[in-house]
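# Architecture at a glance
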Amino acid sequence: QVQLVESGGGLVQAGGSLRLSCAGSGRTFSTYTMGWFRQAPGKEREFVAATSWSGGNTDYTDSVKGRFTISRDNAKSTVYLQMSSLKPEDTAVYYCAAATSRWSYSTSRWSYGYWGQGTQVTVSS
């Protein structure tokens, strides 16, 4: 079991930056692929970024490439999402998630079985 708690959301002007954090519980945090997803009002939850258990592999959705960076600190059982050059279309609730299975890598939301409660990110124009 993995429990996740996000923090760091808020209101920011377009062009600004935010860093989201997701603290995980459990001794096996370092064996799970971690991902960030987001859900805007009236839209489905979508993939944003993922990092493999070691941090050696990362993936991003096209709309955030070059602006967002996912990273993890396994010693602190924490994954981060550094967001820069934010746009109004980045406004959403951001969710941290852990893959259902250890030692597996995926960017599909259906492969993630553990979710945080979400944190709101609002980008004003």
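An account of the accompanying structure is given in this report. (Residues numbered from 1 in each chain as written. Predicted model: local features only at pLDDT ≥ 70, side-chain atom pairs only at ≥ 80, totals over all residues. Heavy atoms only, no water.)

### Concerning the packing of aromatic side chains
- Across all of its chains, the model carries seven aromatic pairs by this definition.
- Between the aromatic rings of Trp53 and Trp103, the centroid separation amounts to 5.8 Å while the plane-to-plane angle is 85 degrees, which identifies the pairing as edge-to-face. Linking Trp53 in the loop between β5 (46–51) and β6 (58–60) with Trp103 in the loop between β9 (92–99) and β10 (112–115), this pair joins segments that are 50 residues apart in sequence.
- These aromatic residues form a ring-pair network of at least three members: Phe37, Phe47, Tyr95, Tyr112 and Trp115. (Phe/Tyr/Trp six-rings, centres within 6.5 Å; stacked < 30°, edge-to-face > 60°. Helix = DSSP H or I, 4+ residues; strand = E, 2+ residues; numbered from the N terminus.)

### Quick look at the pairing of strand β1 (residues 4–7)
- Burial of β1 is one-sided: the residues Leu4 and Glu6 facing one way are buried, the residues Val5 and Ser7 facing the other way are not.
- As judged from the four bridges shared by β1 and strand β3 (residues 18–24), these two strands associate in the antiparallel manner. Residue Glu6 lies in a different strand from β3, and its bridge partner there is Cys22. (Buried < 20%, exposed > 50% of the residue type's maximum accessible area, 1.4 Å probe, protein only. Pairing = 2+ DSSP bridges.)

### What to know about the side chain of Thr31
- Locating Thr31 in the fold gives a position in the loop between β3 and β4 (34–39).
- Given a relative accessible area of 6%, Thr31 falls into the buried group.
- A distance of 3.0 Å separates a polar atom in the side chain of Thr31 from a polar atom in the side chain of Arg102.
- Not counting residues within four places of it along the chain, the set of residues in contact with Thr31 comprises Trp53, Arg102 and Trp103. (Polar contact = N/O pair within 3.5 Å; in protein donor to acceptor, adjacent residues only side chain to side chain. Contact = heavy atoms within 4.5 Å.)

### Side note on the nonpolar core
- Counting 26 residues, the largest nonpolar core has Met34, Trp36, Leu81, Met83 and Tyr94 as the members making the most contacts within it.
- Considering each element in turn, this core owes the most residues, four residues, to β9.
- Filtering out sequence-adjacent residues up to four positions away, Met83 remains in contact with Gly16, Ser17, Leu18, Leu20, Arg67, Phe68, Tyr94 and Val121. (Core = buried A, V, L, I, M, F, W, Y, C linked by side-chain atoms within 4.5 Å.)

### Some remarks on unusual backbone geometry
- Positive phi is not limited to glycine here, since Ser85 has a value of about 50 degrees.
- Of note, Ser85 is situated in the loop between β8 (78–83) and β9.
- By relative accessible area, which is 42% here, Ser85 ends up partly exposed.
- Positive phi, close to 60 degrees, is recorded for Trp103, a residue that is not glycine.

### Looking at the sheet that holds β1
- Here we have four strands laid out as an open sheet, ordered β1-β3-β8-β7, and antiparallel in their pairing. A single partner strand is all that each edge strand has here, and the edge strands are β1 and β7 (68–73). Neighbour-to-neighbour, the strand axes of this sheet turn through a mean angle of 15 degrees, independent of strand direction. (Axes fitted to C-alpha atoms, helices over the stretch in contact; angles between N-to-C directions.)

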